[in-house]
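Spelled out from the first residue to the last, the chains are:
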Amino acid sequence: MKKTSKLLAVLLAVVMVFSACSSGTAPTTTAPTGSGAKQDETTTKQDETTAPVVEVPWDGAYMEKDDFQAYVIHDLNLMVESMEEQLDDALYSKVKAAEADGEAAIMAANTVAEVKDAYAKAKTAVMEAVPLFDGIVSYKKESNAERTNVLGILERFAISTGLTGVSLFENGSYVMYNPRVTLGTENFIVGYGFGVLAEGSITADLEYESNPDWKRYYHVWETMDPGTLLYHNDKGSQVGDMYAYVAAAFYTNFMNDTKDGYDWVPELAKEKPVAVNDDDGDGMATTWKFEVRTGKDGLKYTIGSELESRQAFNNREVALEDYETAFKFLLTQSNKLERGTETANASSGAIAGAKEYYNATANGPSDEAWAKVGIKTFEEGGKSYFQVTFQEEQTQFYCMYYIGSSLYMPIPQEFIDLVGTNVDGVPQLFSYNNDKTESPVDNSLVLGPYYLERWDSEQQVVYKKNPNYVFADTKYQIGGVHTKIFPAAKDDQTAGINEFLAEHFDVASIPQDYLDQYRNDPRTRSTTGNSNFKINANACDQETWEYLFGVDGVVAQSAKEEYWDLKPLMGNHHFVQGVSYSIDRLTFASARGNIPSVDYLASNYMSDPENGLSYVTTEAHKKAVAQLLDDTDGYGYSLELARDYFRMALTELEAEGKITPGTKENPTVMEIEFAWMYPSHEESNHKEIKNFIETAFNDESVSGGLYKIDCKFWVGNEWSDVYYNKLMVGKFDFGFGSISGNSLDPIGFVSVLSSDQDISGNFTLNWGVDTNGTDDYPIVYDGYRWSFDALYNAVNSSVVAVQGKNQAPVTFEYTELVKNEDGSYTGSFTLTSSMPDKIKVTVTDVVCCNYERYRNGDKKYDEASLEEFTVEEKNGVYTVTFTVPADLAADYATGSGTSEDPQGITGFDLYYDQEVDGNLSTGLYYSVDDVFEVE
Amino acid sequence: MATSCRLPDFTKTKGFYFIMGKYVLKRIGLAFVTTFIILSLTFILVKLLPFERPIGADSQQIAYFDKQTNLGYVYRFENNQDEKYGEYLYRSPMDKGRSFYYYKVPVLEQYVRWLTNIVTKWEWGYSKSIMPNVSASVIIMERLPYSLRLNVISVIFSVPLGILLGIWAALKKNTMTDHTISTMVMVFISIPSFVLISFVLRLFCYELGWLPSTWPPATAPTKMKIMGYIIPVFCLSFGSICGYCRFVRAELCEVLESDYLLLARTKGLTRRQAIVRHALKNSMVPIFPSILSEFIGILGGSMILESLYGIPGIGKLFITSLTTKDYDILFVDMAIFTTLGLLFGVLTDLSYGFIDPRIRMGAKK
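Here is what the cut-offs are and how they apply
Residues numbered from 1 in each chain as written. Chains lettered and ligands numbered in written order. Predicted model: local features only at pLDDT ≥ 70, side-chain atom pairs only at ≥ 80, totals over all residues. Helix = DSSP H or I, 4+ residues; strand = E, 2+ residues; numbered from the N terminus. Rg over C-alpha atoms; globule rule 2.2 N^0.38 Å. Buried ≥ 20, exposed ≤ 12 C-beta atoms within 10 Å, placed from the backbone. Contact = placed C-beta atoms within 7 Å. Pairing = 2+ DSSP bridges. Core = buried A, V, L, I, M, F, W, Y, C linked by C-beta atoms within 7 Å. Domains from an automatic or database assignment. Nonpolar A, V, L, I, M, F, W, Y, C, P; charged D, E, K, R; others polar. Axes fitted to C-alpha atoms, helices over the stretch in contact; angles between N-to-C directions. Parallel < 35°, antiparallel > 145°, perpendicular 65-115°, else oblique. pLDDT = per-residue confidence, 0-100. Arc of directions from axis to C-beta.

## Regarding the overall build of chain A
Link 1 in the chain: Secondary structure summary: chain A contains 30 helices and 36 strands in total.
Link 2 in the chain: In terms of overall dimensions, chain A is globule-like: its C-alpha atoms have a radius of gyration of 32 Å, near the 30 Å expected for 935 residues.
Link 3 in the chain: Along the longest, intermediate and shortest principal axes, the C-alpha atoms of chain A span 110 × 90 × 55 Å.
Link 4 in the chain: Scored against the burial criterion, the 935 residues of chain A give a buried share of 48%.
Link 5 in the chain: A sequence separation of at least 24 residues applies to 66% of the contacts in chain A between residues at least 6 apart.

Right, here's the structure in full:
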């Protein structure tokens, strides 16, 4: 690093001495001490010709003054650098001036506390030079390039504040292919692969295969037999991977002509979606339509079953209504399909009316409810069309993406009825029936590139090329896929490669033990991964931790005796930086066949999903991670930097009085706990990480042996305990884990960095700063300063920002019910507009809910609109006063006698329309619980 | 002591069949009670394991818990039970300010439901993940023949070989032959089965390429299917051969040094006659019942082999059902192992009476 910063610091010191001399003020000087040794007090002989100066000795324990100042100035420089591109010249000049003043103040400081104080003031001055954003804005419709820039800014903030944790590796690997397989491309395409099946071919027989018809099939393996291909009811990746062989979708991907990316191609659709209601011409719409293939275009089903009842469906033409049937099948709640529940409850790409239909079909399909779902098919001008309406506006690409799931592959209702349901009411499509007289081969009617040819339980699953597939003539030229069920590979990492080397399989990944031998083999290819594994950090201070996780924590609640023992080291950002620099990722990851990485997002996250541009290849990302890579081995490892940052952390913490040194003989030992998923991680991961950190920290040169760090190991009963018992409840120091999101929407995925659980979906894994604050570290975009949450919302949807912070458009208060003399009740809501001139509210209804009967009685839900309510508005504050008639209150209080022990539970829904900067949202509501008195 | 003399035929004793019948019924009754206790304990302990939760967004959580509700592991309420009912797992917001609350179905309630289905409908449940939809008993009945076939072949192969080696070692006691056999037995009996299997796979499948490296599929040619038996039978038999060899050698050596055999020789029998007529017969008394218990021992030992070699038997099924938490399968599998184990225990005990007439089952002192 930081050689430039050091030089700058020295230069600045010279300038200061010069300027001080020239102005007649004597400079203060300090004697440098040896790095790593605790300093003795030093005195400086004063020049008798200059004015007397009060000498304050440098109190930094483990770092020389100029080094310390240089690092602090480096922090300041990085902060200013992050603002440069987003400010005009005038504003940037102000920032630079504040930076220069800050640097001077830091250089003039004589103690650790003074340096830190000068830095804090400089940071404030730099940030205050940039105005905070106030207003309502959305950047959702900006170009991919611009949104990528915003993502870079958000990522930089997260790295600078420690919210990304310490990344270790990306789960890419080395894979070997049998030379008889010609790959579609020799270079792995992120988000696509090598194009083995779609664009590849097989040029020779597999001798080991005993069935002559299968000798040119692509031979792969799975560790277990999933027993079904019903992807609609399975959350694992295995069924999804196998279902992909037989499935078709509206849109698919094929390799581009230059073999370095992929294109989105209509598969069951005949064209790309056309916007139906793009009223403002911005390319976004909620309703899209496109022409689809049917039997008229020669699209036919295929089934491999020899049962007579199933053969009737072989080569049957696809009807237009089969497209709708697929959606109905998935979304009907009584079908109990896990992915149906997920689709109905989806927060992004949600289909209008899907959730309502799902909720209305607990007892079976409902035509009435289906009529309100945003899925329609129709004939127009002799062509067959499919139309979808989303809840929110989508671009053409995202329409293709969201509607492109293979779960929506058409299916005739007669076939679903023929196959029937099992004893639990789950459809037997793609599955065995209860007594196993029918197999998935008999129950899979498909349109994909392959169809099921054979399924021998626990032995093999065989797929044959589908002659009816849309692109059967040009793509998928390999005649079939043979999947061997190979359980030995589950526990024995070498089993797969042994089978491959014996030429029983066409592909296998190289395990750790074989890497040295086969890494450079001509059959070997490297792939990128889909997830980055990291050690997440808990850098909260006590106050923040209690706010988040204390007795009344907003994220999770803990009894006082169960409070996490926060370690002073963890609260120091320089320590976490030191940990990051101390890990030799190249050694660690390479030994495991993974890819060393300091990135938060894996390579498969696309900043331009339509054109297959990976975010990690963009300039925005490179700028964000530069601070982790400068002056390292290229993978964020530098023992020298790690030790410097540890020295800095110890210097700061000791100056703050948070830690006390021991002696060489009896050093202060600081324990840091690492939480892992599996007991095996102790051997496979923890020992090496512990060694990296302790080697750096416990070196004599860091603290002269006065402090030692001891990295402890923790593991729960279940792999998920590290999430639920540690990371998500703040009871950890470092915790291993990774989560993956929608790889085509990386800017949506960084929601998990927010400390606001409404934004992160309860999936924050790193803790420290308040992401809706504007004081910790600047986020500057478009000439303004923002909080992380505000800019995140602006780029993903829209934001109402007040003083740079994300703000709810309307806030609510409720005044509890008061019983009147006539038995009626009066209550009130107070709605406060965040921006009275831009946000208007119209209250449309107040509804009283019978929760007593619903929750404690016969479960029947009743509600009644209250006719008596008034609304008064004053300066954006709306007071809604309502009255519950006596007879209604009496009825609802006891749940009409259906509760054994009536509690009088009721609730009120306040319905309102909200106009934000001219955009009207209708049918919004706010709900509260209350109680009536029970006579 | 001359045990080679003819003993009285106890089957002709008054009330023999009544006593034996009573004894057998008592043992079967006890076996039934033991099976019930073992299955009940297994059910309760397994169900007390922590409830696994998914990692993902709210929509994924709702989907997961709804599925668990459909499978009968979780109850979904529309109000908070305040821990009055089961273990709280998750809350998902509905519309209009309402929520679904998910609670784990109490273990005892699951137990009563499971037991009721077995007792009243002989319904052992359905697979949840190994082969979704399919009846647990159908799956077991499909897998059982693979395991039984392998084990029967293994017993047929290992018992004579083990006994012959044992006899040979005993007859050649303290010679180089005996030392070689005994040393080999000690070495091979000490090798864990998974090491042996891995070694055999590497040598005969990957290095020499003589044998299939996994269990041949149903579509494989007959020759390959037959060859597919070699490794599993060899691996299953290996321990048994060593065990029997050691056992037979020890028994026979003891008998060969006994007074009655010396007496037989002094009465003029040749060494061969003495061994064949007296020594072998008597030394087999404790060995034959152990063949029955060996059978169930091998069945248990085949779990590892079945997993490593990909044999679709009940041993592998047991491990898979445990790791995938397909509990209905696990319990049926457990019931099979328990029942077979206890059944062979009863048969073993009964066999003593038939093999050695001095042993009388169920007789009072």
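## Regarding the overall build of chain B
Link 1 in the chain: Across its full length, chain B carries 12 helices and three strands.
Link 2 in the chain: Looking at chain B residue by residue over its 365 residues, the buried ones come to 33%.
Link 3 in the chain: By sequence separation, contacts in chain B at least 24 residues apart represent 69% of the contacts at least 6 residues apart.

## Observations concerning the pairing of strand S12 (residues 383-394) of chain A
Along a regular strand, successive side chains alternate from one face of the sheet to the other.
All names here are of chain A.
Link 1 in the chain: Strand direction decides the pairing type here: strand S10 (residues 285-291) and S12, joined by six bridges, are antiparallel. Considered in S12, the bridge of Thr287 is made with Thr389.
Link 2 in the chain: Counting the residues in the hairpin turn of strand S11 (residues 375-380) and S12 gives two residues, including Gly381, whose phi is positive at 60°.

## Side note on the nonpolar core
Link 1 in the chain: Residues Val95, Ile106, Val150, Leu154, Phe646, Phe674 and Leu791 of chain A are the most contacted members of the largest nonpolar core, which totals 150 residues.
Link 2 in the chain: When residues of this core are assigned to their parent elements, the largest contribution, nine residues, is made by helix H2 (residues 65-83) of chain A.
Link 3 in the chain: Sequence-distant contacts of Leu791 of chain A, defined by excluding residues within four places in its chain, comprise Val150, Leu154, Ile779, Tyr781 and Trp786 of chain A.
Link 4 in the chain: Grouped together as the second largest cluster of nonpolar side chains are 131 residues, Tyr217 and Val461 of chain A together with Ala264 and Ile275 of chain B included.

## Section: unusual backbone geometry
Link 1 in the chain: Positive phi, normally seen in glycine, also occurs at Asn315 of chain A, with a value near 65°.
Link 2 in the chain: Residue placement: Asn315 of chain A occurs in the loop between helix H8 (308-311) and helix H9 (320-331).
Link 3 in the chain: Located in the positive-phi region is Asn174 of chain B, a residue other than glycine, with phi close to 60°.
Link 4 in the chain: Relative to the helices and strands, Asn174 of chain B resides in the loop between helix H4 (136-171) and helix H5 (176-190).
Link 5 in the chain: Using a count of 10 C-beta atoms within 10 Å as the deciding quantity, one classes Asn174 of chain B as exposed.

## Some points on the domain arrangement of chain A
All names here are of chain A.
Link 1 in the chain: Taken domain by domain, chain A consists of domain 1 (3-130), domain 2 (147-168 + 531-773), domain 3 (173-207 + 503-527), domain 4 (224-487) and domain 5 (808-931).
Link 2 in the chain: A straight line from the C-alpha centre of domain 2 to that of domain 3 covers 34 Å.
Link 3 in the chain: Contacts between the two partners involve 10 residues from domain 2 and, on the opposite side, nine residues from domain 3.
Link 4 in the chain: A breakdown of the residues in the side of domain 2 that touches domain 3 according to their chemical character gives two nonpolar, seven polar and one charged.

## Focus on the domain arrangement of chain B
Link 1 in the chain: Domain boundaries assigned for chain B yield domain 1 (10-41 + 134-355) and domain 2 (53-110).
Link 2 in the chain: Centre-to-centre separation of domain 1 of chain B and domain 2 of chain B, based on C-alpha positions: 47 Å.

## A word on the interface of chain A and chain B
Note: interface size is frequently given as the accessible area lost on complex formation between the parts.
Link 1 in the chain: Taken together, the contacts link 52 residues of chain A with 44 residues of chain B.
Link 2 in the chain: It is helix H10 (residues 338-344) of chain A that provides the largest number of residues to the side of chain A that touches chain B, a total of four residues.
Link 3 in the chain: Looking at the side of chain A that touches chain B, its residues break down into 15 nonpolar, 22 polar and 15 charged.

## Comments concerning the sheet that holds S10 of chain A
Residues and elements named next belong to chain A.
Link 1 in the chain: Taken in spatial order, the four strands line up as S9-S10-S12-S11 in an open sheet, and their pairing is antiparallel. Since the sheet does not close on itself, it has two edges, and those belong to strand S9 (274-275) and S11, each with one partner.
Link 2 in the chain: Looking at chain direction, S9 and S10 are connected through two bridges and run antiparallel. Each bridged residue has a counterpart across the sheet, and for Ala275 the counterpart in S10 is Trp288.
Link 3 in the chain: The strands touched by H9 are S11 and S12; relative to S11, the strand with the most contacts, the crossing angle is about 175°.

## Digging into the packing of helix H4 (residues 112-128) of chain A against helix H22 (residues 639-655) of chain A
Residue and element names in this part refer to chain A.
Link 1 in the chain: In contact at an axis separation of 9 Å, H4 and H22 are set at 100° when each is read in the N-to-C sense. Here H4 is positioned roughly perpendicular relative to H22, judged by the angle of their axes. Side by side, H4 and H22 meet where Val112, Ala113 and Lys116 of the first sit next to Thr651, Glu652 and Ala655 of the second.

## Comments concerning the environment of Ser603 of chain A
Residue and element names in this part refer to chain A.
Link 1 in the chain: Among the structural elements, Ser603 can be located in the loop between strand S19 (595-596) and strand S20 (606-608).
Link 2 in the chain: Spatially, the C-alpha atoms of Ser603 and His621 are 11 Å apart, while their sequence positions differ by 18 residues.
Link 3 in the chain: If near-sequence neighbours (up to four positions away) are discounted, Ser603 is found in contact with Glu170, Val190, Thr528, Gly529, Ser614 and Val616.

## Things to note about the packing of H2 of chain A against helix H3 (residues 89-108) of chain A
Residue and element names in this part refer to chain A.
Link 1 in the chain: Running from N to C, H2 and H3 point in directions that differ by 175°, and their axes come no closer than 10 Å. Relative to H3, the element H2 is oriented roughly antiparallel. Residues Gln69, Val72, Ile73, Leu76, Val80 and Met83 of H2 form the contact with H3, whose own contacting residues are Val95, Lys96, Glu99, Gly102, Glu103, Ile106 and Met107.
Link 2 in the chain: Class assignment of the residues belonging to the contact of H2 with H3 gives a composition of eight nonpolar, two polar and three charged.

## Examining the confidence of the model for chain A
Residues and elements named next belong to chain A.
Link 1 in the chain: On average, residues of chain A score 89 in pLDDT, and 94% of them reach the 70 mark or higher.
Link 2 in the chain: The lowest-confidence element of chain A is helix H1 (residues 3-22), averaging 42 in pLDDT; the highest-confidence one is strand S14 (residues 460-465), averaging 98.
Link 3 in the chain: The model gives residues 1-49 a pLDDT under 50, and that stretch makes 70 contacts with residues more than four places away or in other chains.

## Examining the confidence of the model for chain B
Link 1 in the chain: For chain B, the average pLDDT comes to 83, and 86% of its residues sit at 70 or higher.
Link 2 in the chain: Note on residues 1-5 of chain B: pLDDT is under 50 here. Beyond four places in sequence and across chains, it has nine contacts.

## Considerations on the sheet that holds strand S31 (residues 839-849) of chain A
Residues and elements named next belong to chain A.
Link 1 in the chain: Within the open sheet, the four strands sit side by side as S32-S31-S35-S36. Their pairing is antiparallel. With one partner strand each, in any of the chains shown, strand S32 (863-865) and strand S36 (919-931) form the two edges of the open sheet. Going across the sheet, the axis of each strand differs from the next one's by a mean of 30°, ignoring polarity.
Link 2 in the chain: Bridge analysis of S31 against strand S35 (residues 905-916) gives 10 bridges, and the strand direction is antiparallel. Paired with Asp845 across the strands is Tyr911, a residue of S35.

## Describing helix H30 (residues 886-893) of chain A
Residue and element names in this part refer to chain A.
Link 1 in the chain: Burial in H30 covers these residues: Leu888, Ala889, Tyr892 and Ala893. Seen along its axis, H30 keeps its buried residues to an arc of 130°; they face one direction.
Link 2 in the chain: Tucked into the core, H30 has its buried residues touching strand S30 (825-833), S31, helix H29 (851-856), S32, strand S34 (877-884) and S35.
Link 3 in the chain: Looking at the residues trailing H30, positive phi occurs at Gly895, about 60°.

## Looking at the pairing of S11 of chain A
Link 1 in the chain: For S11 of chain A and S12 of chain A, the ladder comprises six bridges, and the chain directions are antiparallel. By the bridge assignment, Ile375 of chain A is partnered in S12 of chain A with Val388 of chain A.

## Some thoughts on the environment of Tyr854 of chain A
All names here are of chain A.
Link 1 in the chain: Structurally, Tyr854 is set in helix H29.
Link 2 in the chain: A tally of 22 C-beta atoms within 10 Å means that Tyr854 is categorised as buried.
Link 3 in the chain: In sequence terms Tyr854 and Lys436 are 418 residues apart; their C-alpha atoms lie 42 Å from each other.

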